[in-house]
Amino acid sequence: MAENLKTKLRYYGISPWEIEVLYGYLNGRFTVLQEEIESDDENFVSFLNIDIPLEFNEAFFKWFDFKRWEKVKDVLKEFKRRRGSRNPLKIKINFVGNPKIIFTIDVTDRQWFNNAIEKMDFVIELLPHHLDPKKIPEGIREINYKFDVESIRWRTDTARSKDKKFTFRDDVWKEIR
């Protein structure tokens, strides 16, 4: 992997201590840039956006180190625990690539939130199926995954091309107008 990779943390409603712990795990592999932002979604008390400058694939996890990734997941679950069930937390994790892969975790229930964090790694096995050129709209640059508590798994939610946005419903990509 390339040297001097930069990851960016954008957040609000996250304590300095929480950011410092996450920073510690990421700093071993990346130069970490931080930006505390203003709240832009009244539905969430806390928000964290993590930009990972690498593709979401097995090579990332080997390079980043599985044990380190487990610690990052534990920190994210601790963020949720500290907020309780009444204070919603939203986390977005963005991996560069073609297409860019985005995970949005905004589940209110702590058990489902933790389950979403734990199962994120398993999406790697589904990527060849999800990114099959015969199955996705042409020119897709970004795919967003959301955790579905009913099926207890990550599902493709939206996709973007240069000038179009699509949603995935009933096993079909449909353009959003």
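Residues numbered from 1 in each chain as written. Predicted model: local features only at pLDDT ≥ 70, side-chain atom pairs only at ≥ 80, totals over all residues. Heavy atoms only, no water.

Our next topic: the overall build of the chain. Along the backbone of the chain there are 5 helices and 9 strands. Listing each helix as α and each strand as β along the chain from the N terminus yields β-α-β-β-α-α-β-β-α-α-β-β-β-β. For the chain, whose C-alpha radius of gyration is 16 Å, the value lies close to the compact-globule estimate of 16 Å for 177 residues. By principal-axis analysis of the C-alpha atoms, the chain measures approximately 45 × 40 × 30 Å. Within the chain, buried positions represent 42% of all 177 residues. Residue pairs at least 24 apart in sequence account for 64% of intrachain contacts in the chain once pairs closer than 6 positions are excluded. A total accessible area of about 10,200 Å² is found for the chain, and carbon and sulfur atoms account for 45% of it. Charge centroids of the chain, computed over 33 positive and 31 negative side chains, lie 1 Å from each other. (Helix = DSSP H or I, 4+ residues; strand = E, 2+ residues; numbered from the N terminus. Rg over C-alpha atoms; globule rule 2.2 N^0.38 Å. Buried < 20%, exposed > 50% of the residue type's maximum accessible area, 1.4 Å probe, protein only. Contact = heavy atoms within 4.5 Å. Areas by Shrake-Rupley, 256 points an atom, 1.4 Å probe, with all protein chains shown as cover. Lys, Arg positive; Asp, Glu negative; His and termini not counted. Charge placed at Lys NZ, Arg CZ, Asp CG, Glu CD.)

Right, let's talk about the pattern of salt bridges for a bit. Enumeration according to the criterion identifies 14 salt bridges in this entry. For the salt bridge of E18 with R82, the shortest nitrogen-to-oxygen distance reads 2.9 Å. Here E18, found in helix α1 (residues 16-27), pairs with R82, found in helix α3 (residues 66-83); they are 64 residues apart in sequence, far enough to count as distant. In this structure, R83 engages E18 in a salt bridge whose closest nitrogen and oxygen atoms are separated by 2.8 Å. Residue R83 is located in helix α3, and its partner E18 is located in helix α1; the two are separated by 65 residues in the primary sequence. (Salt bridge = Lys/Arg side-chain N within 4 Å of Asp/Glu carboxyl O.)

One can describe the packing of α1 onto α3 by two numbers: an axis separation of 9 Å at closest approach and a directional angle of 170 degrees. Classified by the interaxial angle, the pair formed by α1 and α3 is roughly antiparallel. In contact with W17, E18, V21, L22, G24, Y25 and L26 of α1, α3 contributes R68, K71, V72, V75, F79, R82 and R83. Across the contact of α1 with α3, the residue classes tally to 8 nonpolar, 1 polar and 5 charged. (Axes fitted to C-alpha atoms, helices over the stretch in contact; angles between N-to-C directions. Parallel < 35°, antiparallel > 145°, perpendicular 65-115°, else oblique. Nonpolar A, V, L, I, M, F, W, Y, C, P; charged D, E, K, R; others polar.)

Running from N to C, α3 and helix α4 (residues 110-119) point in directions that differ by 165 degrees, and their axes come no closer than 10 Å. By the angle between their axes, α3 is roughly antiparallel relative to α4. Viewed along their axes, α3 and α4 form a crossing whose handedness is right-handed. Between α3, through E70, K73, L76, K77, K80 and R81, and α4, the contact on the second element is made entirely by R110, F113, N114, I117 and E118. Its residues assigned to classes, the contact of α3 with α4 comprises 3 nonpolar, 1 polar and 7 charged. (Left-handed = near helix turned anticlockwise from the far one by under 90°.)

Attention now moves to the environment of S85. With respect to the helices and strands, S85 occurs in the loop between α3 and β4 (89-95). With 34 residues separating them along the chain, S85 and D51 place their C-alpha atoms 26 Å apart.

Take the packing of aromatic side chains next. Under the counting rule described, the total for this entry stands at 17 aromatic pairs. Centroid distance F56 to F103: 4.9 Å. Interplanar angle 65 degrees. Geometry classified as edge-to-face. Remark: F103 occurs in strand β5 (residues 100-105) and F56 occurs in the loop between β3 (46-52) and α2 (58-64); sequence separation between them is 47 residues. Considering the side-chain rings of F95 and F103, the 6.3 Å spacing of their centres and the 85 degrees angle between planes classify their relative orientation as edge-to-face. (Phe/Tyr/Trp six-rings, centres within 6.5 Å; stacked < 30°, edge-to-face > 60°.)

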